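Secondary and tertiary structure notes
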Amino acid sequence: MLQVNLSSSSARVEPFAESLAQAHTWLQEATGRGSDFVGWVNLPRDYDKAEYARIQAAARKIQSDSKALVVIGIGGSYLGARAVIELLESNNYNLRKKNTPNIYFAGNGLSGDAMQEIFDLIGDDDFSVNVISKSGTTTEPAVAFRFFKARLEEKYGKAGAAERIYATTDKARGALKSLANAEGYDSYVVPDNVGGRFSVLTAVGLLPIAVAGIDLDELMRGAADMMETCRRPGLESNPAWQYAAARNDLYGQGKKVEILAAYEPRARFFAEWWKQLYGESEGKEGKGLLPASVEFTADLHSMGQYIQQGERTMIETVIRFGKSASHLCVPHDDADGDGLNFLAGKDMDFIATQAMDGTLLAHVEGGVPNLIIHAGEINAYTCGELIYFFEYACGLSGYLLGVNPFDQPGVEAYKKNMFALLGKPGYEDMGAALRAKLGR
Ligand code: PA5
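Overview of the structure.

Rules used throughout
- Residues numbered from 1 in each chain as written.
- Predicted model: local features only at pLDDT ≥ 70, side-chain atom pairs only at ≥ 80, totals over all residues.
- Heavy atoms only, no water.
- Helix = DSSP H or I, 4+ residues; strand = E, 2+ residues; numbered from the N terminus.
- Expected span 1.5 Å × (residues − 1).
- Buried < 20%, exposed > 50% of the residue type's maximum accessible area, 1.4 Å probe, protein only.
- Polar contact = N/O pair within 3.5 Å; in protein donor to acceptor, adjacent residues only side chain to side chain.
- 1 Å grid on protein atoms, 1.4 Å probe; cavity = no way out; pocket = protein on both sides within 12 Å on 5 of 7 lines; lining within 4 Å.
- Points joined across faces, edges and corners; volume = space filled by probe spheres on them.
- Pairing = 2+ DSSP bridges.
- Axes fitted to C-alpha atoms, helices over the stretch in contact; angles between N-to-C directions.
- Contact = heavy atoms within 4.5 Å.
- Phe/Tyr/Trp six-rings, centres within 6.5 Å; stacked < 30°, edge-to-face > 60°.
- Lys NZ or Arg CZ within 6 Å of the ring centre and 35° of its normal.
- Near = heavy atom within 4 Å.
- Nonpolar A, V, L, I, M, F, W, Y, C, P; charged D, E, K, R; others polar.
- Core = buried A, V, L, I, M, F, W, Y, C linked by side-chain atoms within 4.5 Å.
- Parallel < 35°, antiparallel > 145°, perpendicular 65-115°, else oblique.
- Left-handed = near helix turned anticlockwise from the far one by under 90°.
- Right-handed = clockwise from strand over helix to strand, strands pointing away.
- Salt bridge = Lys/Arg side-chain N within 4 Å of Asp/Glu carboxyl O.

Quick look at helix α14 (residues 380–401) now. Helix length check: α14, at 22 residues, gives a terminal C-alpha distance of 31 Å against a target of 32 Å (1.5 Å per residue), a fit within 8%. For α14, the tally of buried residues reaches 22 of 22 residues, placing the bulk of the element in the interior. For α14, the capping residue at the N-terminal end is Asn-379, with a side-chain oxygen 3.1 Å from the backbone nitrogen of Tyr-381. Of the residues one or two after α14, Gly-402 is the one with positive phi, at around 90°.

What follows covers empty space enclosed by the protein. Inspection of the entire model under this criterion finds two cavities of 30 Å³ or more. Here the largest cavity defines a volume of roughly 40 Å³. Along the walls of the largest cavity sit Tyr-263, Phe-296, Glu-316, Val-318, Arg-320, Met-356, Thr-359, Leu-360, Asn-370 and Ile-372, which together make up its complete lining. Sorting the residues of the lining of the largest cavity by element identifies β9 (314–321), α13 (348–365) and β10 (370–376) as the ones contributing at least two each.

Taken in spatial order, the five strands line up as β3-β2-β4-β5-β6 in an open sheet, and their pairing is parallel. The sheet is open, and its two borders are formed by β3 (102–106) and β6 (186–189), each paired with just one other strand. Averaged over neighbouring strand pairs, the angle between their axes works out to 20° when direction is ignored. Strand contacts of helix α7 (residues 175–183): β4 (127–133), β5 (165–169) and β6, with the helix running at about 145° to β5, the strand carrying the most contacts. Packing against the sheet, helix α8 (residues 203–211) makes contact with β2 (68–72), β3, β4, β5 and β6, and its axis sits at approximately 160° to β4.

Turning our eyes to something else, we now look at the packing of aromatic side chains. Per the stated rule, a full pass over the model turns up 23 aromatic pairs. Where Phe-145 meets Tyr-185, the ring centres are 6.3 Å apart and the plane angle is 90°; that geometry is what we call edge-to-face. Pair noted here: Phe-145 is in helix α6 (residues 139–162) and Tyr-185 is in the loop between α7 and β6, with a separation of 40 residues, a long-range link. One aromatic cluster in this structure is built from Trp-26, Trp-40, Phe-198, Tyr-388, Tyr-392, Tyr-399 and Phe-406. Over the aromatic face of Tyr-47 sits the side chain of Lys-49, whose NZ or CZ is 4.3 Å from the ring centroid. The ring of Phe-269 carries Arg-82 above its face, with NZ or CZ at 3.8 Å from the centroid.

This part covers the site of the ligand. The ligand sits among 13 residues. The nearest are Ser-77, Ser-133, Ser-135, Thr-138 and Gln-276. Note that an oxygen atom of the ligand is positioned 2.7 Å from one of the side-chain N or O atoms of Ser-77. Its residues assigned to classes, the shell around the ligand shows one nonpolar, nine polar and three charged.

Below, the discussion takes up the side chain of Thr-359. Considering the arrangement of structural elements, one finds Thr-359 in helix α13. Not counting chain neighbours up to four residues away, the residues in contact with Thr-359 comprise Tyr-263, Phe-296 and Leu-300.

Of all hydrophobic cores here, the largest spans 96 residues; its most connected members are Trp-40, Phe-270, Trp-273, Leu-386, Phe-389 and Phe-390. Residue contributions to this core peak at 13 residues, all from α14. When neighbours within four sequence positions are excluded, Phe-389 is seen to be in contact with Leu-2, Val-4, Met-226, Pro-239, Ala-240, Tyr-243 and Ile-373. Val-129, Ala-167, Leu-176 and Ala-180 belong to the second largest nonpolar core, which has 23 residues in total.

Take the packing of α6 against α7 next. Between α6 and α7, the shortest axis-to-axis distance is 14 Å and the interhelical angle comes to 20°. Considering the angle they form, α6 stands roughly parallel to α7. Where α6 crosses over α7, the handedness of that crossing is right-handed. Facing Phe-145, Lys-149, Lys-158 and Ala-162 of α6, the residues of α7 in contact are Leu-176, Leu-179 and Glu-183. For the contact of α6 with α7, the residue count by class is four nonpolar, no polar and three charged.

Here the focus is the pairing of strand β7 (residues 257–262). Counting buried residues along β7, six of its six residues qualify, which places the element largely inside the surrounding structure. Residues Val-257, Ile-259 and Ala-261 of β7 are buried on one face, and the alternating residues Glu-258, Leu-260 and Ala-262, pointing to the opposite face, are buried as well. Pairing of β7 with strand β8 (residues 290–295) involves six bridges; the strand directions are parallel. Counted as the bridge partner of Leu-260 is Ser-293 from β8. Taken together, β7, helix α11 (residues 268–282) and β8 constitute a β-α-β crossover, and its handedness is right-handed. Bridge count for β7 against β9 is six bridges, and the pairing is parallel. Bridging from a neighbouring strand, Ala-261 pairs with Val-318 of β9.

Turning next to the pattern of salt bridges. As enumerated under the stated definition, the model contains 26 salt bridges in all. In this structure, the salt-bridge partner of Glu-280 is Arg-197, at a minimum N-O distance of 2.9 Å. Taken together, the residues span a long stretch of sequence, with Glu-280 in helix α11 and Arg-197 in the loop between β6 and α8 at a distance of 83 residues. A residue is classified by how much of its surface remains accessible, and Arg-197, at 4% relative accessible area, is buried. A salt bridge links Glu-282 to Arg-247, with the nearest nitrogen and oxygen atoms 2.8 Å apart. Highlighted residues: Glu-282 in helix α11 and Arg-247 in helix α10 (residues 239–252), separated in sequence by 35 residues.

Here is the structure:
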């Protein structure tokens, strides 16, 4: 079972007991700010079972008729799926010999080269597309979908393409839903009351995750068990309460940045998902810890200097996973030129644990409070636990901070400017003003 250890930090959590109880009630009873978007709270129990079965059937079809799946989406519409696939399969998933399709993530930026590279990597292989957009109007995925839809139609004809397009979007509204209805695409729902960054356990994340061959039942079981744990009020028993209180206390003590660290390369995208979850939920009204991430030990050789001795405004949250699946022991070397024979026969997990402990002591000594999350061995169950734990703690934490954790008004600013500069109808005056500012 996931556990939080605060003993390497100066965080005082007890003063938050009352406000945590209030925040907990707001989440459980959907009575706080942004309460229209707390559908994720009971999702691991109340998810749509019929759709869940359809997702698994669609995944089997894609596995049988496609060598590649292109997942088109941005932000909350792709980070969760990528996080889970990389954590549970590998960050080298596409390079592996396997019976499941390669998975390419598109529409999460505007790089023509990145898109062309996916076309080249797919080549003549059979492929399918899962286009994911709650609003159905987000520019990046909508542009990418045009390209991949055209390619599918060229390769398989309009009707054949329609059988390879899976649309995950609003249940009734939006441009993508209308297109899916008109063209007969298989479609899946982003529930009204679940925002993008909380949507990994809906069809948004589950369809790509299932295509990668991951055991959805175990993922949901882990999330459901953590949901039960998080429903219990109390600082003693609820790890989400502990984490939310600790990070708010440290923020109150003047810390400005929270770095999420893991000693696993395959956790890199999990950290990207976490960054969106916390950054978009808390970074508003001039408040919030800046979420950043590092991959250890690699980044100890790049960011380690700053963490140890840079500006003392940082806290570190370390996810500690349990034993690896592999058992690699350091070989003996007769010449011992590197002087490492003292490690001969030692397991890589043992060496990594000493590195973790040594780093923990050094960073705490250097003035960086550490919050440790013991997450168990990496598998679908513990991944489900970890997802729900971070989501619940995020909801609590945002309420402790005094913001609405479920909106993202600041995301619109760049979009409006981009539309104006692109010449979108209706934005003409704004476009002229912006071009003048840019001296064009
Ligand atoms: O968390 C969010 O709400 C955002 O990251 C969205 O998921 C992202 O902007 C994509 O939006 P949409 O799914 O409407 O295309």
